[in-house]
Amino acid sequence: EAAVTQSPRSKVAVTGGKVTLSCHQTNNHDYMYWYRQDTGHGLRLIHYSYVADSTEKGDIPDGYKASRPSQENFSLILELASLSQTAVYFCASSDRVQDTQYFGPGTRLLVL
Amino acid sequence: TQTVSQSDAHVTVFEGDSVELRCNYSYGGSIYLSWYIQHHGHGLQFLLKYYSGNPVVQGVNGFEAEFSKSDSSFHLRKASVHWSDSAVYFCAVSQSSNNRIFFGDGTQLVVKP
């Protein structure tokens, strides 16, 4: 069964601090994605990657960086966390963009 | 630019009722259409997908969806809902020509006993 794991599952960060969210997949998928979900809303794409050592901007990349050091791992980095970045973050993977996406359990981030 | 519209933010039904969750999209080309379910506190899970062929596709747990090119729709249906179907349902559209998938804002389904 496809598996996407995220760490940490929840985090409290201070404004201006650095936050790194990690994602690991064992699906052997080329595509990986980072989404943000705000309460009562859908998913918004932050960054994605279709090959190791390369990342692409999504719809809301400002304030976020991404890193894909290997096919299995994809990180989301908030260099200077802000209050507005409080949200739930989901990682996903897929074989191709039009294929089924497999989601991780999410990371709940609270920036104070 | 593709858009995905889920016109109903909330739908409430009783257990055993039928339900239809609506999804409309705007794009003229070769697309893939999907539905995902999100239970509270969890990530999204795939329900079903359509690309070509029979416009009615079957998914897990008795869900099905029907593609209509003329209406630009991909509505999700279930004949008899169970309380465990309470969740948020997301419609998604992706193209074969680029690396993007677009999600709708979701429909919260509440099934009352």
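Cut-offs and rules
- The written sequence of each chain sets the order in which its residues are numbered from 1.
- Written order decides the labels, with chains lettered from A and ligands numbered from 1.
- Reporting in this predicted model follows two pLDDT cut-offs: at least 70 for local features of residues, and 80 or more for side-chain atom pairs to be given and counted; totals over whole chains, interfaces and linings ignore these cut-offs and use all residues.
- Side-chain figures throughout are based on the complete set of non-hydrogen atoms in the structure, without hydrogens or water.
- Think of it this way: any DSSP run of H or I at least four residues long counts as a helix, any run of E at least two long counts as a strand, and we number them from the N terminus.
- Just to be clear, the radius of gyration here is over C-alpha atoms, and the globule rule we use is 2.2 Å times residues to the power 0.38.
- Note on terminology: pairs of cysteine sulfur atoms within 2.5 Å are recorded as disulfides.
- Each residue is assigned to one of three classes by its accessible area relative to the maximum for its type, calculated with a 1.4 Å probe on protein chains only: buried under 20%, partly exposed between the two thresholds, exposed over 50%.
- Only heavy atoms matter for contacts: two residues are in contact if any of them lie within 4.5 Å across the pair.
- Here the quantity called buried area is the accessible surface, traced with a 1.4 Å probe, that two parts lose on coming together, added over both.
- When a carboxyl oxygen of Asp or Glu lies within 4 Å of a side-chain nitrogen of Lys or Arg, that pair is called a salt bridge.
- For our purposes a nonpolar core is just a set of buried Ala, Val, Leu, Ile, Met, Phe, Trp, Tyr and Cys residues, chained together by side-chain atoms within 4.5 Å.
- Only strands that DSSP links by at least two bridges are regarded as paired with each other.
- Fitting a line to C-alpha atoms yields each axis, with helices limited to the stretch in contact; the angle taken between N-to-C directions then spans 0 to 180 degrees.

*Asks:* Give me the overall build of chain A: which residues, what numbers.
*Replies:* Each helix and strand counted, chain A has zero helices and 11 strands in total. Taken from N to C terminus, the helices and strands of chain A fall in the order β-β-β-β-β-β-β-β-β-β-β. Taken over C-alpha atoms, the radius of gyration comes to 13 Å for chain A, in line with the 13 Å a tight globule of 112 residues would show. Here the C-alpha coordinates of chain A stretch approximately 35 × 30 × 25 Å along the principal axes.

*Asks:* Quick one: what's the story with the state of the cysteines, residue by residue and with numbers?
*Replies:* Scanning the entire structure with this criterion turns up two disulfides over all chains. Cys23 of chain A shares a disulfide with Cys91 of chain A; S-S distance 1.9 Å. Its S-S torsion of about -80 degrees marks the bond between Cys23 of chain A and Cys91 of chain A as left-handed, since a negative value means left-handed. With a gap of 68 residues between them, Cys23 of chain A in strand 3 (residues 19-25) and Cys91 of chain A in strand 9 (residues 87-94) connect regions that are remote in the sequence. A relative accessible area of 2% means that Cys23 of chain A is categorised as buried. Each sulfur in the disulfide pair Cys23 of chain B and Cys91 of chain B lies 2.0 Å from the other. Where Cys23 of chain B bonds to Cys91 of chain B through sulfur, the torsion about that S-S bond is close to -65 degrees, and the disulfide is left-handed. Of this pair, Cys23 of chain B sits in the loop between strand 3 (19-21) and strand 4 (24-26) while Cys91 of chain B sits in strand 10 (residues 87-95), and the two are 68 residues apart along the sequence. We classify Cys23 of chain B as buried; its relative accessible area is 0%.

*Asks:* Go over the interface of chain A and chain B, please, and point to the residues and values.
*Replies:* Taken together, the contacts link 20 residues of chain A with 20 residues of chain B. With both sides pooled, the region where chain A packs onto chain B buries about 1,700 Å², and carbon together with sulfur makes up 51% of that total. When residues of chain A are sorted by the area they lose upon contact with chain B, Val97, Gln98 and Thr100 of chain A head the list and together hold 31% of the total. Put simply, chain A and chain B have zero salt bridges between them. For the side of chain A that touches chain B, the secondary structure elements donating two or more residues are strand 4 (31-37) and strand 5 (43-51) of chain A. The dominant element in the side of chain A that touches chain B, judged by the number of residues it contributes, is strand 5 of chain A, at four residues.

*Asks:* If you had to explain the nonpolar core to someone new, which residues and values would you point to?
*Replies:* Residues Leu33, Trp35, Leu47, Leu48, Phe74, Leu76 and Tyr89 of chain B are the most contacted members of the largest nonpolar core, which totals 28 residues. When residues of this core are traced back to their parent elements, those giving at least two are strand 2 (10-14), strand 3, strand 5 (31-38), strand 6 (45-50), strand 8 (64-68), strand 9 (73-78), strand 10 and strand 12 (107-112) of chain B. Membership of the second largest hydrophobic core comes to 19 residues, among which are Leu21, Trp34, Ile46 and Ala81 of chain A.

*Asks:* Any details on the sheet that holds strand 3 of chain A? Residues and values, ideally.
*Replies:* Residues and elements named next belong to chain A. Read from one edge of the open sheet, four strands run 1-3-8-7, paired in antiparallel fashion. Only two strands of the sheet have a single neighbouring strand rather than two, namely strand 1 (4-7) and strand 7 (65-67). When the angles between neighbouring strand axes are averaged without regard to direction, this sheet yields 20 degrees. Relative to strand 8 (residues 73-78), strand 3 runs antiparallel, the two sharing six bridges. Within strand 8, the position partnered with Val19 by the bridge is Leu78.

*Asks:* Give a detailed account of the environment of Leu76 of chain B, specifying residues and quantitative values.
*Replies:* As for its placement among the helices and strands, Leu76 of chain B is situated in strand 9. Once residues lying within four places of it in the same chain are set aside, the contact partners of Leu76 of chain B are Val19, Glu20, Leu21, Trp35, Leu47, Leu48, Phe63, Glu64, Ala65 and Tyr89 of chain B.

*Asks:* Break down the pattern of salt bridges for me, with residues and values.
*Replies:* Residue and element names in this part refer to chain B. Under the defined criterion, the tally for this structure stands at seven salt bridges over all chains. Residue Arg22 is joined to Asp8 by a salt bridge in which the shortest nitrogen-to-oxygen separation is 3.3 Å. Here Arg22 is found in the loop between strand 3 and strand 4, whereas its partner Asp8 is found in the loop between strand 1 (3-5) and strand 2, with 14 residues between them in sequence. For Asp8, a relative accessible area of 21% corresponds to the partly exposed category. Glu64 is the partner of Arg77 in a salt bridge, and the nearest nitrogen-oxygen pair spans 2.9 Å. One end of the pair, Arg77, is in strand 9; the other, Glu64, is in strand 8, and 13 residues separate them in sequence.

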